[in-house]
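One letter stands for each residue in the lines below.
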Amino acid sequence: MPALRIENLKKSYGTVPVLKGINLAVENGDVVAVIGRSGSGKSTMLRCINGLEPFQEGSIVVAGHRLDQSRANLRDLRKEVGMVFQSYNLFPHLSVAENIMLAPRVVKGLPRDQRELLVRDVLSRVGLAEKASAYPDELSGGQQQRVAIARSLAMKPKVMLFDEVTSALDPELTGEVLKTIAELAEAGMTMVLVTHEMGFARRVATRTVFMHEGKIWEEGPSAQIFAHPATPELRSFIATDLK
């Protein structure tokens, strides 16, 4: 079974269609970059996958959990599907360790000694082992985003979703976050990333999906997509990015 299967996904805001029949399969271990212009439906698709947005038609199966119009089983789904947003969403009054421990304690009931081991493990994975006792406002934007990634990893997800996680960061901080994501990819994490970082998509993503006007316009191996775009829309999009 694929890690993620989307069939005929349709989503509208009122009378305005945003997703117009999305079909996508992501295999275990795939790293899929989702690219496209603003308003093409990329982030909306990601939010539907994690149950944050209701949709009108179609179905989503992610990490073995089925989502449909009933939106049942969201709690079980979110135990196994992590999501990292553009904004870090860290609790400012909690330390880095406390931010990371919160969900394993509340959702999984993990005892304190196991939570402390988990914090050390996930902070090491994102290169912030020494920051467990720091507070969010003592960290750079890039460090806060890496803590947000560590917080998602603490739930041991089967699939990770990233929604333009570097768009609020300057180039240096963007680099450190992308390095962390690349290391997760090398370790075999299944990921879907909405990103404007075309170079990163080329280098790290096993597949790239180009969305246009609420549809998947093109998809395929990243090297092929970038070297030989099949449609004028993708050629234009890539050319604009290279200018």
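Our structure's up above, just so we're on the same page.
Now for a look at the structure at hand. (Residues numbered from 1 in each chain as written. Predicted model: local features only at pLDDT ≥ 70, side-chain atom pairs only at ≥ 80, totals over all residues. Heavy atoms only, no water.)

### A few points about helix H6 (residues 171-186)
Since one α-helical turn is 3.6 residues long, residues separated by three or four positions face the same way. The cut-off we apply is this: The helix and strand labels rest on DSSP assignments: H or I over at least four residues marks a helix, E over at least two residues marks a strand, and numbering proceeds from the N terminus. Here the expected span of a helix is defined as 1.5 Å times the quantity of residues minus one. Accessibility here uses a 1.4 Å probe with only protein chains present; expressed as a share of the type maximum, an area under 20% marks a residue as buried, one over 50% as exposed, and anything in between as partly exposed. Any two residues having at least one pair of non-hydrogen atoms within 4.5 Å are treated as being in contact.
Relative to the 22 Å expected for 16 residues at 1.5 Å per residue, H6 spans 22 Å between its end C-alpha atoms, a close match to the ideal helical length. Taken together, the buried positions of H6 are occupied by Leu-173, Thr-174, Val-177, Leu-178, Thr-180, Ile-181, Ala-182, Leu-184 and Ala-185. Buried residues in H6 make contact with strand E3 (31-35), helix H4 (112-125), helix H5 (141-153), strand E7 (159-163), strand E8 (190-194) and helix H7 (198-204). The positive-phi residue at the C-terminal boundary of H6 is Gly-188, with phi of around 100 degrees.

### Quick word on the environment of Ile-238
Relative to the elements of secondary structure, Ile-238 occurs in helix H9 (residues 232-242). Assessed through its relative accessible area of 7%, Ile-238 is described here as buried. When the C-alpha positions of Ile-238 and Gln-145 are compared, they lie 27 Å apart, and in sequence the two are 93 residues distant. Non-local contacts of Ile-238, meaning those with residues more than four positions away in its chain, are made with Arg-202, Ile-225, Phe-226 and Pro-229.

### Describing the sheet that holds strand E1 (residues 4-13)
Stated precisely, the cut-off is as follows: In this scheme, strands are said to pair when DSSP sees at least two bridges between them. Helix axes are fitted only over the stretch in contact, all axes being lines through C-alpha atoms; the angle between N-to-C directions runs from 0 to 180 degrees.
Taken together, four strands build an open sheet; the order of strands is E2-E1-E4-E5 and the sheet is antiparallel. The sheet terminates laterally at strand E2 (16-26) and strand E5 (65-67), the two strands that pair on one side only. In this sheet, adjacent strand axes meet at a mean angle of 20 degrees when their direction is disregarded. Taken together, the three bridges between strand E4 (residues 57-62) and E5 define a ladder with antiparallel strand orientation. Residue pairing for E5: Val-62 is matched across the bridge by His-65. Strands E1, E2, E4 and E5 of the sheet are contacted by helix H1 (residues 42-49), whose axis makes an angle of about 115 degrees with E1.

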